Number of protein chains: 2
Amino acid sequence: PVEFHEDVLLSMSTPATSHVSPSFIPIFGEAIELLRKIFLTAKGQPFVVSGSGTLGWDMVSSNLIEPNEDVLVLNTGYFGDSFADCLETYGAKVTQVKADIGDRPTLEEIHNALVSKRFKAITITHVDTSTGVLSDVKAIANLVKQYSPETLVIVDGVCSVGSEEIRVDEWGIDVVLTASQKALGVPPGLCILIASERAMNVFSNRKTPIKIMNSYEGRKGMYFATPPVQLIYALHTSLKQITSIPLEERFQQHKEVSNRIKDSLEELGLKFVPKNREVSANGMTAVYYPEGIKPTDLLPRVAECGVVIAGGLHRKIASRYFRVGHMGISVTEPHRKHIEKTIEALQENLIQLGYKYK
Amino acid sequence: PVEFHEDVLLSMSTPATSHVSPSFIPIFGEAIELLRKIFLTAKGQPFVVSGSGTLGWDMVSSNLIEPNEDVLVLNTGYFGDSFADCLETYGAKVTQVKADIGDRPTLEEIHNALVSKRFKAITITHVDTSTGVLSDVKAIANLVKQYSPETLVIVDGVCSVGSEEIRVDEWGIDVVLTASQKALGVPPGLCILIASERAMNVFSNRKTPIKIMNSYEGRKGMYFATPPVQLIYALHTSLKQITSIPLEERFQQHKEVSNRIKDSLEELGLKFVPKNREVSANGMTAVYYPEGIKPTDLLPRVAECGVVIAGGLHRKIASRYFRVGHMGISVTEPHRKHIEKTIEALQENLIQLGYKYK
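A brief structural summary. Along each chain, the written sequence defines residue order, and numbers are assigned to residues from 1. For this description, chains carry letters from A and ligands carry numbers from 1, given in the order in which they are written. Local features in this predicted model are restricted to residues whose pLDDT is 70 or higher, and side-chain atom pairs enter the listing and the counts only when it is 80 or higher, whereas totals over whole chains, interfaces and linings include all residues. As a rule here, side-chain values cover all heavy atoms of the structure and leave hydrogens and water aside.

## Structural notes on the environment of B:Thr129
All names here are of chain B.
Stage number 1. Under the DSSP-based scheme used, a helix requires at least four consecutive residues in state H or I and a strand at least two consecutive residues in state E, with every element numbered from the N terminus. Within the fold, Thr 129 resides in the loop between strand 5 (127–128) and strand 6 (133–134).
Stage number 2. The rule is simple: take the accessible area with a 1.4 Å probe, protein chains only, and divide by the maximum for that residue type; under 20% is buried, over 50% is exposed, in between is partly exposed. The buried category is assigned to Thr 129, whose relative accessible area is 8%.
Stage number 3. For the pair formed by Thr 129 and Ala 286, sequence separation is 157 residues and the distance between their alpha carbons is 8.2 Å.
Stage number 4. We call two residues contacting when some pair of their heavy atoms lies within 4.5 Å. Here Thr 129 is in contact with Phe 79, Cys 159, Lys 182, Met 284 and Arg 323, once residues within four sequence places are set aside.

## Some thoughts on the packing of helix 3 (residues 53–63) of chain B against helix 4 (residues 78–89) of chain B
Pairs of packed helices are described in terms of their axes, by the angle between the two and the distance that separates them.
All names here are of chain B.
Stage number 1. Two elements in contact, helix 3 and helix 4, have axes whose closest approach is 9 Å; the angle formed by their N-to-C orientations is 40°. The angle between helix 3 and helix 4 places the two elements in the oblique class. Regarding helix 3 and helix 4, the two cross each other, and that crossing is right-handed. Residues Trp 57, Asp 58, Val 60 and Ser 61 of helix 3 form the contact with helix 4, whose own contacting residues are Phe 79, Ser 82, Phe 83, Cys 86 and Leu 87.
Stage number 2. Three categories are distinguished: nonpolar for Ala, Val, Leu, Ile, Met, Phe, Trp, Tyr, Cys and Pro, charged for Asp, Glu, Lys and Arg, and polar for the others, with Gly belonging to the last. Counted by class, the contact of helix 3 with helix 4 contains 6 nonpolar, 2 polar and 1 charged residues. Fitted lines through C-alpha atoms serve as axes, helices being fitted only where they are in contact, and the angles separating the N-to-C directions of these axes extend from 0 to 180 degrees. An angle below 35 degrees is read as roughly parallel, one above 145 as roughly antiparallel, one from 65 to 115 as roughly perpendicular, and any other as oblique. When the near helix sits turned anticlockwise from the far one by under a right angle, the crossing is termed left-handed; a clockwise turn instead gives a right-handed crossing.

## Some remarks on the interface of chain B and chain A
Stage number 1. Listed per partner, the contact involves 32 residues of chain B and 32 residues of chain A.
Stage number 2. Taking both sides of the interface into account, the surface hidden between chain B and chain A amounts to around 2400 Å²; carbon and sulfur atoms contribute 68%.
Stage number 3. Of all residues in chain B, B:Ala16, B:Pro188 and B:Tyr223 bury the most surface against chain A, accounting for 20% of the area lost on that side.
Stage number 4. Salt bridges, as used here, are contacts in which a Lys or Arg side-chain nitrogen is within 4 Å of a carboxyl oxygen on Asp or Glu. The tally of links between chain B and chain A comes to 0 salt bridges.
Stage number 5. Sorting the residues of the side of chain B that touches chain A by element identifies helix 1 (6–12), helix 3, helix 4 and helix 10 (229–242) of chain B as the ones contributing at least two each.
Stage number 6. With 3 residues, helix 10 of chain B is the single largest residue contributor to the side of chain B that touches chain A. Here the buried area means the combined drop in accessible surface, using a 1.4 Å probe, for two parts upon being joined, counting both sides.

Here is the structure:
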């Protein structure tokens, strides 16, 4: 769970406002513009849709892939499995390159798969929340450009947009899908997707959705489905905050805080799910419990200290690890002391539970 | 646009709360239980999903209908057209019974269509927001029971749930889909759907979603997609308010206020889109502008009086009529004087614009 800024929460309780109200239209319009900045794209088309991040999989599967087309899924955990399930539900033929838990497919493995047949698309989970593994999107996109340039590069950025470096235009990404409730710092309920011009040309039924977004960006309301007005006010507030400092600085802050957290946990003698720092996310950390400590021991105790850490999610190791989020205002607003409180709460409670380190 | 209760808006700004937090789980669980009361069903399965009402069409089209199956769509306006489009996108073969603008298909027309072939489902727009026409769901469901009992009865209740009488079990309805932002009085962003046991048996891939809902109803968290926590808090608040008085009373209040509004507008000499009271919705009224008055004249003036009325939506007559909502707290909490203010604002501004009545 990510903490939300007070101003974002205040925007959530905006009184009833029509989606074609003159007070809402420019807010939605500017939010669309600001998303281009977040994704570092000049001409990518942002979509802001009522839904979960999961809906982004459906948007990709139903609009970009036709039944029986081949898709290459790079799998670094639970979310790779689920994206593959979703694609198959819509009729895609999925080939997976699976890494061991805590690792990511090597560029050689990806290259070999990529040239084995003609893939309509390749999907990359930028950060798989279930393992805390970070994929090297830049290198993979580069590989695709070299060896299979017609393949669309699709990035599941639910757990990465806003906390990891991601450059849509420079790296040559075709789709990034994400959700509001992670590093974008907005309560859950928005599916956010950006599509390159190339991806837009593939969209089988793109007329209505693009018309809606273009209309709002041109500061004119239009009806298709009722947009979630309050969530879009909250998104606008958060995007204004995020873009008020250079993105480079934001990426750097997340890297520094991530290293600080990981160093501290390592000093406590704890082991991580990702096999090394290079394959580790900068917005979260997946940590194995030390021997003898159970989820039901640690999580409620830490919660009592006002710190929320999450249980395991990857089916094979679910009860053996926990997850710490460090993204958004917890990172960019150090006066909140979220990071220090989290490290302290973990340290103190592990000791109270009898854990001996060093 | 529907006004939201202050307590509902306050719930919208609930600070960051995990979807498996012990404080959220019972809220979601109770919201699911309360939905059964709203829909007057003992065993219907409620679904609360992040999305717009439009997503409900996708849920029906993708889960209940297989490609090439026949569906009968009763069309009373824009939303009938769009539901048909959605069904066809998923491969259904759609037969439509279309009424003239302001009217609804007769029971005889529906009967004739119903027995012409074997339909997997029939869809009814309970209230088509684009025309203000009310369908007689009870009579249609009864017709289906008599002449085509295997056909699933699907109700688009976006503009009716919470303002019109609707009895899932008693009338024999299989699906009602709706959204949060109309008479349920919650900001937009939730798609709410109820499915009968019979519909649940048809769901092609029902295991995951039903597990999630059952898990929360049993007061245990479970992960599929991140639920929109803040919107669900708001839904819970609103459902508690709605169910605090008998539903019968709520239906009656909406009928009385609707008649009062319609009587007042008739006294002003205005004409309605629906051809008579019998086919008119109780939660909204679609009204033709008097001759010589344009949307750009009336709407902004009324807005300046603090009253929001909506423009036309039905493509063929969009610029010739406006829509007044009268549902939710505007009806059930008369001390807010929303109804009086709306009638006054219309009357005063029409006169100022040179309209002469009687």
